[in-house]
Amino acid sequence: MEETGAAFRKELVSKLLHLHFKDKKTKVSGDALQLMAELLKIFVVEAAIRSVRQAQAEELDHVDVEQLEKVLPQLLLDF
Amino acid sequence: MMEEEEGAEEQQRFSYRQRLKAAVHYTVGCLCEEVALDKDMQFSKQTIAAISEVTFRQCENFATDLEMFARHGKRSTINTEDVKLLARRSHSLLKYITEKNEDIAQLNLERKAKKKKKWEDENRNSVESAEAGVEESEN
């Protein structure tokens, strides 16, 4: 069940996480990296889709930062 | 002289961060493009940049939490259970992530089985021809 479409590369996810680890010994398993890539993808797609819904509700023809700002609080609470 | 070295190191760290941010921005752009096509609604450049910024910042929270979860479990390697804990705040998110985890585990299992079968096939041929060679020399 291979998925097509954009995704976060495992290598990038690893670098992003390691940037913030406090302990040098902390590692991430391969499966966890793959799962984190999925989680990040969902985060972005949710931000995008919720912003679109907000723009649609306001009867706009494109999404601007104002729409994102309105959906951001709930998005951050959900994660 | 020490100050110069520290300045150079600071500069390197900054550029590294910038490169990571750029990589995130690229992926965020691709994902937003897919949503835009699907929903027939365009995103302004500023919106994509803002989503990218938020995502980058959210990674810090994720990383810190993951490290703590693993440490709480007395491990130094973060595993999928730690990642699932990150998704605990939303029921539908947790469900989705749990299913994804099972898909990933299944896919990896299939890949391993394929590799093992391939190895066995390749080696069965060489084992068979070695045995055939032995039989011939015995006759």
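Here the structure is a predicted model, which is why all the values come from computation and not from measurement.

Draft legend 1. Broad picture of the overall build of chain A. Across its full length, chain A holds 3 helices and 2 strands. Across chain A, helices and strands are ordered from the amino to the carboxyl terminus as α-β-α-β-α. For chain A, the C-alpha radius of gyration of 16 Å lies well beyond 12 Å, the compact-globule estimate for 79 residues. When its C-alpha atoms are laid out on the principal axes, chain A stretches across 50 × 35 × 15 Å. Looking at chain A residue by residue over its 79 residues, the buried ones come to 51%. Residue pairs at least 24 apart in sequence account for 42% of intrachain contacts in chain A once pairs closer than 6 positions are excluded. In chain A, 11 positive and 14 negative side-chain charges are present, and the distance between their average locations comes to 14 Å.

Draft legend 2. Up close: the confidence of the model for chain A. Residue-level pLDDT values for chain A average 94, and 95% of them are 70 or greater. Of all secondary-structure elements in chain A, the lowest mean pLDDT belongs to helix α3 (residues 65–78) of chain A, at 96, while strand β1 (residues 27–28) of chain A reaches the highest, 98.

Draft legend 3. Structural detail: the side chain of S44(B). Relative to the elements of secondary structure, S44(B) occurs in the loop between β1 (42–43) and α2 (45–72). Judged by its relative accessible area of 11%, S44(B) falls in the buried class. At 2.8 Å, the side chain of S44(B) forms a polar contact with the side chain of D64(A). Of the polar contacts made by the side chain of S44(B), one reaches the side chain of T47(B); its length is 2.6 Å.

Draft legend 4. Structural view of the nonpolar core. Among the nonpolar cores identified, the biggest contains 58 residues, and F8(A), L17(A), M36(A), L39(A) and F43(B) are the most heavily contacted of them. Taken together, the elements giving at least two residues each to this core come down to α1 (10–18), α2 (30–57) and α3 of chain A together with α1 (2–39), α2, α3 (80–86) and α4 (91–138) of chain B. If one sorts the elements of this core by residue count, α2(A) sits on top with 16 residues. Beyond its immediate stretch of four places on either side in the chain, L39(A) contacts F79(A), F62(B), L86(B), A87(B), L93(B) and I97(B).

Draft legend 5. Looking closely at the packing of α2(A) against α1(B). One can describe the packing of α2(A) onto α1(B) by two numbers: an axis separation of 10 Å at closest approach and a directional angle of 40°. In terms of orientation, α2(A) and α1(B) fall into the oblique class. Where α2(A) crosses over α1(B), the two elements pack in a sense that is right-handed. Between α2(A) and α1(B), the residues in contact are K41(A), V44(A), V45(A), A48(A), I49(A), V52(A) and Q56(A) and V28(B), L31(B), C32(B), V35(B) and K39(B), respectively. When grouped by side-chain class, the residues that make up the contact of α2(A) with α1(B) number 9 nonpolar, 1 polar and 2 charged.

Draft legend 6. Spatial organisation of the pattern of salt bridges. If you walk through the whole model with that rule in mind, you get 17 salt bridges over all chains. Among the salt bridges present, the one from K21(B) reaches E53(B), with a minimum N-O distance of 3.9 Å. Of this pair, K21(B) sits in helix α1 while E53(B) sits in helix α2, placing them 32 residues apart in sequence. Here R57(B) makes a salt bridge to E53(B), at a shortest N to O gap of 3.8 Å. Residue R57(B) and its partner E53(B) are both found in helix α2; the two are separated by 4 residues, about one turn of the helix. What makes R57(B) exposed here is its relative accessible area of 51%. Under the relative-accessibility criterion, E53(B) is labelled partly exposed at 32%. One network of salt bridges, in which partners are shared, links R9(A), E11(A) and K15(A).

Draft legend 7. Structural view of the packing of aromatic side chains. In total, this model carries 2 aromatic pairs over all chains according to the counting rule given. Note on F43(A) and F79(A): the rings are 4.9 Å apart at their centroids and 85° apart in plane angle, and the pair reads as edge-to-face. On the criterion of sequence distance, the pair formed by F43(A) in helix α2 and F79(A) in the segment after α3 is long-range, its members being 36 residues apart. Both residues of the pair, F43(A) and F79(A), count as buried. Seen in terms of ring centroids, F43(A) and F62(B) are 6.5 Å apart; in terms of plane orientation they differ by 85°. Their pairing is edge-to-face. One end of the pair, F43(A), is in helix α2; the other, F62(B), is in helix α2, on a second chain. Note on accessibility: F43(A) and F62(B) belong to one class, buried. Here the aromatic cluster, defined as three or more aromatic residues joined through ring pairs, consists of F43(A), F79(A) and F62(B).

Each value, and the rule that gives it
Residues numbered from 1 in each chain as written. Chains lettered and ligands numbered in written order. Predicted model: local features only at pLDDT ≥ 70, side-chain atom pairs only at ≥ 80, totals over all residues. Heavy atoms only, no water. Helix = DSSP H or I, 4+ residues; strand = E, 2+ residues; numbered from the N terminus. Rg over C-alpha atoms; globule rule 2.2 N^0.38 Å. Buried < 20%, exposed > 50% of the residue type's maximum accessible area, 1.4 Å probe, protein only. Contact = heavy atoms within 4.5 Å. Lys, Arg positive; Asp, Glu negative; His and termini not counted. Charge placed at Lys NZ, Arg CZ, Asp CG, Glu CD. pLDDT = per-residue confidence, 0-100. Polar contact = N/O pair within 3.5 Å; in protein donor to acceptor, adjacent residues only side chain to side chain. Core = buried A, V, L, I, M, F, W, Y, C linked by side-chain atoms within 4.5 Å. Axes fitted to C-alpha atoms, helices over the stretch in contact; angles between N-to-C directions. Parallel < 35°, antiparallel > 145°, perpendicular 65-115°, else oblique. Left-handed = near helix turned anticlockwise from the far one by under 90°. Nonpolar A, V, L, I, M, F, W, Y, C, P; charged D, E, K, R; others polar. Salt bridge = Lys/Arg side-chain N within 4 Å of Asp/Glu carboxyl O. Phe/Tyr/Trp six-rings, centres within 6.5 Å; stacked < 30°, edge-to-face > 60°.

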